[in-house]
Amino acid sequence: MRKDITADNLLKGGVKINKSALARQYGCCWRTIDRRLNPEKYKMSKKTRVYTSILDGYKSIIDKVLENNNAPATGIYCLLKLKYNYTGSYSTVKKYVSKKKKKIIDNLTIRFNTIMGYQSQVDWKESMILHTTDNNKITFNIFLIVLGCSRMKYIELTENREQKTLFRCLNNAFNYFGGVTEEIIFDNMKTVVDQAKSDFKKVIINNKMSYYAKDAGFIIYTCRPYRPMTKGKVETLAKIMNRLKAFDYQIKDWNDLKIIVNKILHSLNYEEISQATNKIPITDFVKEKEYLIPVNLDLLMQYTNNRPKYKVTKESMINYKGKKYSVPINYVGKTLQVNEDDEFIYIYSNTILVRKYSKNNDTHYNYKLEDYKDILEHSSISEQAKNRLKNNINKDLRSLNDIKIEEE
């Protein structure tokens, strides 16, 4: 387009304009001359082009299926074709589903980088294999946990990934950190999730893990679909564990490997700079530690100890170390577990605390008042024994030489 064709040049002289002559003079079309003389005439309003797709009438259906069931594109295509008479191609559906999933991921991925003591993430580095210098194969796992703010880490070498092993590793981690965060994110591992009762819409935590979390004082969160970055911190730590591969055929035995893992742990926390924070983790951990929730490790040990088991007698009592302790009458005939510390005796049904008794007495028969009354009313013990109990209640004797009654 010639830049010398301007309205000022064309109108010089104030004579009537012959557009065709000017066009010949400038070697262009007469419309070019007219456009320069009358620019307002040729102004065009910008119109937004509206794109349509054969999928437009089905997008709400697809969105609902993705939200509720996380179905793959192939399944959604079949649904549209068989139930809604969709006549378009599979590639059109696949393209839309891929974009939609990416959008959901972007919207739901939240990074907890600034709240101290708020979140930690747990995972396993599973089924790694190394060989000793004697060519013996060692198969092992690495328990991993990382604090969301400071990136302080704890790792532990394990032979398996059983629930009791998970509890032991968590206990050791809480002891290492000096507390626990408000929430912990887990993968959908079977030691945490009751997979038989869970589905895409709702995840059910298994009972024992629920009790453990309650006793430890943290809230359980599990990874949801569409959130691959939810456990990004601990997944990064899992990748770091690949450095162990360099020790293949370089270790002597299991203990040697354990020493190496502990040295890596020390290096990660006290020597190496975290790429996420650009600091050595211990630097921020000194501050984050103040925000951690204290835990009762003695209480949590019950989840890893093999507690002795005792059968509840017809008198609704258990015999433990030469003494008898009452429990609710609905446990008659069942087996309960006993744990103790320096002050108390704890009686459990699996992980449920049934009764707690003080150890600071030499009484042979130990009752809770509620149990005492129920035993008297419902038990099948002899009339002589019932009369004995009645007399004690009537006399309001809370402690005799061989009987002690405690209120719950």
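Everything discussed here concerns the structure shown above.
Residues numbered from 1 in each chain as written. Predicted model: local features only at pLDDT ≥ 70, side-chain atom pairs only at ≥ 80, totals over all residues. Heavy atoms only, no water.

## As for the sheet that holds strand β2 (residues 137-147)
Counted only if it meets this: Any two strands are treated as partners once DSSP identifies two or more bridges connecting them. For the purposes of this entry, the term helix denotes a DSSP run of H or I that reaches at least four residues, the term strand denotes a run of E that reaches at least two, and both are numbered from the N terminus. Note on geometry: axes are lines fitted to C-alpha atoms, helical ones only across the stretch in contact, with angles between N-to-C directions running from 0 to 180 degrees. We call two residues in contact whenever any of their non-hydrogen atoms come within 4.5 Å of each other.
Strand order in the open sheet formed by five strands is β3-β2-β1-β4-β5, and the pairing between neighbours is mixed. Strand pairing shows two members of the sheet lacking a second neighbour, β3 (153-158) and β5 (219-222), which therefore form its edges. Strand-to-strand, the axes of this sheet are offset by a mean angle of 25 degrees, without reference to chain direction. The pairing of β2 with β3 spans six bridges and is classified as antiparallel. Its bridge partner being in β3, Ile145 is matched across the sheet by Tyr154. Against the sheet, helix α7 (residues 163-177) contacts β1 (119-131), β2, β3 and β4 (183-186), and its axis sits at roughly 145 degrees relative to β3.

## A closer look at helix α4 (residues 59-69)
Because an α-helix completes one turn every 3.6 residues, residues spaced three or four positions apart along the sequence face the same direction. What counts is decided by this rule: Three exposure classes are used, based on accessible area relative to the maximum for each residue type with a 1.4 Å probe and protein chains only: buried under 20%, partly exposed in between, and exposed over 50%. Picture the helix axis, draw a direction to every C-beta atom, and the arc is the one those directions span.
Buried within α4 we find Ile61, Ile62, Val65 and Leu66. Buried residues in α4, looked at end-on, bunch into an arc of 130 degrees, giving them a common side. Facing away from the buried side of α4 by more than 90 degrees, the exposed set consists of Ser60, Lys64 and Glu67. Asn70, located one to two residues past α4, shows a positive phi value of around 50 degrees.

## A closer look at the packing of aromatic side chains
Threshold: Here the aromatic set is Phe, Tyr and Trp, taking the six-membered ring for Trp, and pairing holds for ring centres within 6.5 Å; pairs whose planes are under 30 degrees apart are stacked, those over 60 apart are edge-to-face, and all others are tilted. Only Lys NZ and Arg CZ are tested; either one counts as a charge over a ring when it is within 6 Å of the ring centre and within 35 degrees of the ring normal.
Inspection of the entire model under this criterion finds 19 aromatic pairs. An angle of 50 degrees between the planes, with centres 5.3 Å apart, marks the rings of Tyr154 and Tyr176 as tilted. Placement of the pair is Tyr154 in strand β3 and Tyr176 in helix α7, with a sequence separation of 22 residues. Since its relative accessible area comes to 9%, Tyr154 is described here as buried. Look at Tyr176 and you get partly exposed, because its relative accessible area is 29%. Three or more aromatic residues joined by ring pairs make a cluster, and in this case those are Trp124, Phe143, Tyr154, Tyr176, Phe177 and Phe285. The ring centre of Phe344 lies 4.5 Å from the NZ or CZ of Lys356, which sits over that ring. A cation sits over an aromatic face here: Lys368 above Tyr357, 4.6 Å from the ring centre.

## Focus: the pattern of salt bridges
To keep things clear, this is the line we draw: The term salt bridge refers to a pairing of a side-chain nitrogen on Lys or Arg with a carboxyl oxygen on Asp or Glu at a separation within 4 Å.
In this structure the tally under the stated criterion is nine salt bridges. Between Lys100 and Asp63 there is a salt bridge, with the nearest N and O atoms lying 3.7 Å from each other. Here Lys100, found in helix α6 (residues 90-108), pairs with Asp63, found in helix α4; they are 37 residues apart in sequence, far enough to count as distant. According to the relative accessible area criterion, Asp63 is partly exposed, its value standing at 24%. Between Arg355 and Asp371 there is a salt bridge, with the nearest N and O atoms lying 2.7 Å from each other. Remark: Asp371 occurs in helix α13 (residues 369-378) and Arg355 occurs in strand β11 (residues 352-358); sequence separation between them is 16 residues. Exposure class is identical for Arg355 and Asp371. Each is buried.

## Observations concerning the packing of α4 against helix α5 (residues 73-83)
Rule in force here: In this scheme, roughly parallel covers angles under 35 degrees and roughly antiparallel covers those over 145, while 65 to 115 is roughly perpendicular and the rest are oblique. Less than a right angle of anticlockwise turn of the near helix away from the far helix marks a crossing as left-handed, whereas a clockwise turn marks it as right-handed. In this count, Pro and Cys sit with the nonpolar residues alongside Ala, Val, Leu, Ile, Met, Phe, Trp and Tyr, while Asp, Glu, Lys and Arg are called charged and the others, Gly among them, polar.
Two elements in contact, α4 and α5, have axes whose closest approach is 11 Å; the angle formed by their N-to-C orientations is 135 degrees. If you check the angle between α4 and α5, you find them oblique. Along this stretch, α4 crosses α5, giving a crossing that reads as right-handed. Along its contact with α4, which presents Ile61, Ile62, Val65 and Leu66, the element α5 presents Ile76, Leu79 and Leu80. Its residues placed into classes, the contact of α4 with α5 shows seven nonpolar, no polar and no charged.

## Some remarks on the side chain of Gln163
Condition: The term polar contact refers here to a pair of N or O atoms within 3.5 Å; inside protein, the definition further demands a hydrogen-donor-capable atom paired with an acceptor-capable atom, and it admits residues adjacent in sequence only when both atoms are side-chain atoms.
Relative to the assigned elements, Gln163 resides in helix α7. Classification of Gln163 by relative accessible area gives buried; the value is 19%. Polar side-chain contacts of Gln163 include one of 3.2 Å to the side chain of Asn206. Leaving out residues up to four positions away in the same chain, Gln163 has contacts with Thr191, Asn206, Lys208 and Met209.

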